[in-house]
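Letter by letter, the chains look like this.
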Amino acid sequence: MGLTASLLAVDAGNSKTDVAVVTADGEVLATARGGAFRPPAVGVERAVDTLAEAVQRAFTAAGVTSVDHVSACLANADLPVEEEQLAAALDARAWGTSVDVRNDTFAILRAGIDEPLGVAVVCGAGVNCVGMRPDGRTARFPAIGRLSGDWGGGWGLAEEALWHAARAEDGRGEPTELARTLPAHFGLGSMYALIEALHLRHIEPVRRHELSPVLFATAADGDPLARAVVDRQADEVVAMATVALTRLDLLAEETPVLLGGSVLAARHPQLDDRIRRLLTARAPKAVPRVVTAPPVLGAVLLGLDRSDAAPGAHTRARAHFAA
């Protein structure tokens, strides 16, 4: 008969999956990394198969065959109904006696705070925001793109930059250096050439995400239109954070506001400065900071929050991932 550990923590994103097997006192027995978790693209079962590969490697390394509880923070678990569907799929794998599934933004939030109190805004490929209180109350948004009122993230910023650059070149819009810097990134001489290359897939569509850093560089060089797009991203980040703080009755209480994801973690001065100025004006008690801890730590801490974790378990787990 195999051993049983306390916790399996899973942080599954659009680009990679991290898992950890952890004891009740916070000792990390094993970790493993797997591939992207994309249920909308491949279906729930195939996506969970990707998790299974990493889980099996971690179980083998830890010398266990199951755990008491699975704490899974998953990309694309944007609606409660999706969380329920994914929880059922994970439960069917019998990795643990119980299963909790949350959106992966909760992992970033919990990784950056010492107790389950705060708000996190994640701006990576897309944009999302969640908040939590120790009493179990949460705030969240559907975060499924423009359909749910979202704007920005790396993909959205690239699309916005392309739109403005195309209109600038043909005269429909305001002049902007983006009409030069975006095609130049791919060694092309005009927006027409870039539009053609993207449309005919001479440049794969997935490479559009490379244009977000070009937007920020063009803004840093002083281009007014590029700077306006960056300012709008800051406005969106602050709007989400302020609404989440309001929903949780935290505007009057000193509260961490965690900033995560590749766009925010890059610490672009214009974006970072405007976010902090606007938060000071709209939520003076908010304490903004960029999350540097790995999100899988957040999944671990959420699992320990739920269990009767031994004293010092949270500190021990955090120390492991800080090493």
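Preceding block: the structure.
What comes next concerns the included structure.

## Section: the overall build of the protein
For step 1, the next point in the chain: What the protein contains, in helices and strands, is 13 helices and 10 strands.
For step 2, the next point in the chain: Dimensions of the protein, computed from C-alpha atoms along their principal axes, come out at roughly 70 × 50 × 35 Å.
For step 3, the next point in the chain: Relative to its full complement of 323 residues, the protein shows a buried share of 51%.
For step 4, the next point in the chain: Within the structure as shown, the protein displays about 14,600 Å² of accessible surface, and the carbon and sulfur contribution to it stands at 52%.
For step 5, the next point in the chain: Positive and negative side-chain charges in the protein, numbering 31 and 40 respectively, have mean positions lying 2 Å apart.

## Here's the deal with the packing of aromatic side chains
For step 1, the next point in the chain: Summed over the entire model, instances satisfying the criterion amount to zero aromatic pairs.
For step 2, the next point in the chain: The residue whose ring lies beneath Arg 102 is Phe 106, and the NZ or CZ to ring-centre distance is 5.5 Å.
For step 3, the next point in the chain: Residue placement shows Arg 247 over the ring face of Phe 141; its charged tip is 4.7 Å from the ring centre.

## Let's talk about the pairing of strand 5 (residues 96-103)
Looking along a regular strand, one sees the side chains alternate between the two faces of the sheet.
For step 1, the next point in the chain: In terms of strand pairing, strand 4 (residues 64-74) meets strand 5 through seven bridges, oriented parallel. Each bridged residue has a counterpart across the sheet, and for His 69 the counterpart in strand 5 is Ser 98.
For step 2, the next point in the chain: Between the parallel pair strand 4 and strand 5, the chain is carried across by helix 3 (residues 80-92), and the sense of this crossover is right-handed.

## Quick word on helix 11 (residues 269-282)
For step 1, the next point in the chain: Helix length check: helix 11, at 14 residues, gives a terminal C-alpha distance of 20 Å against a target of 20 Å (1.5 Å per residue), a fit within 8%.
For step 2, the next point in the chain: Looking only at helix 11, the buried set comprises Gln 270, Leu 271, Asp 272, Ile 275, Leu 278 and Leu 279.
For step 3, the next point in the chain: For helix 11, the elements touching its buried residues are helix 8 (211-220), helix 9 (224-247), strand 9 (255-260), helix 10 (262-265) and strand 10 (286-290).

## Some words on the sheet that holds strand 6 (residues 118-123)
For step 1, the next point in the chain: Overall, mixed pairing links the five strands, which are arranged 8-7-6-9-10 in an open sheet. Where the open sheet ends on each side, the last strands, each with one partner, are strand 8 (138-140) and strand 10. With direction set aside, neighbouring strand axes in the sheet form an average angle of 15°.
For step 2, the next point in the chain: Pairing between strand 6 and strand 9: four bridges, direction parallel.

Definitions and cut-offs
Residues numbered from 1 in each chain as written. Predicted model: local features only at pLDDT ≥ 70, side-chain atom pairs only at ≥ 80, totals over all residues. Heavy atoms only, no water. Helix = DSSP H or I, 4+ residues; strand = E, 2+ residues; numbered from the N terminus. Buried < 20%, exposed > 50% of the residue type's maximum accessible area, 1.4 Å probe, protein only. Areas by Shrake-Rupley, 256 points an atom, 1.4 Å probe, with all protein chains shown as cover. Lys, Arg positive; Asp, Glu negative; His and termini not counted. Charge placed at Lys NZ, Arg CZ, Asp CG, Glu CD. Phe/Tyr/Trp six-rings, centres within 6.5 Å; stacked < 30°, edge-to-face > 60°. Lys NZ or Arg CZ within 6 Å of the ring centre and 35° of its normal. Pairing = 2+ DSSP bridges. Right-handed = clockwise from strand over helix to strand, strands pointing away. Expected span 1.5 Å × (residues − 1). Contact = heavy atoms within 4.5 Å. Axes fitted to C-alpha atoms, helices over the stretch in contact; angles between N-to-C directions.

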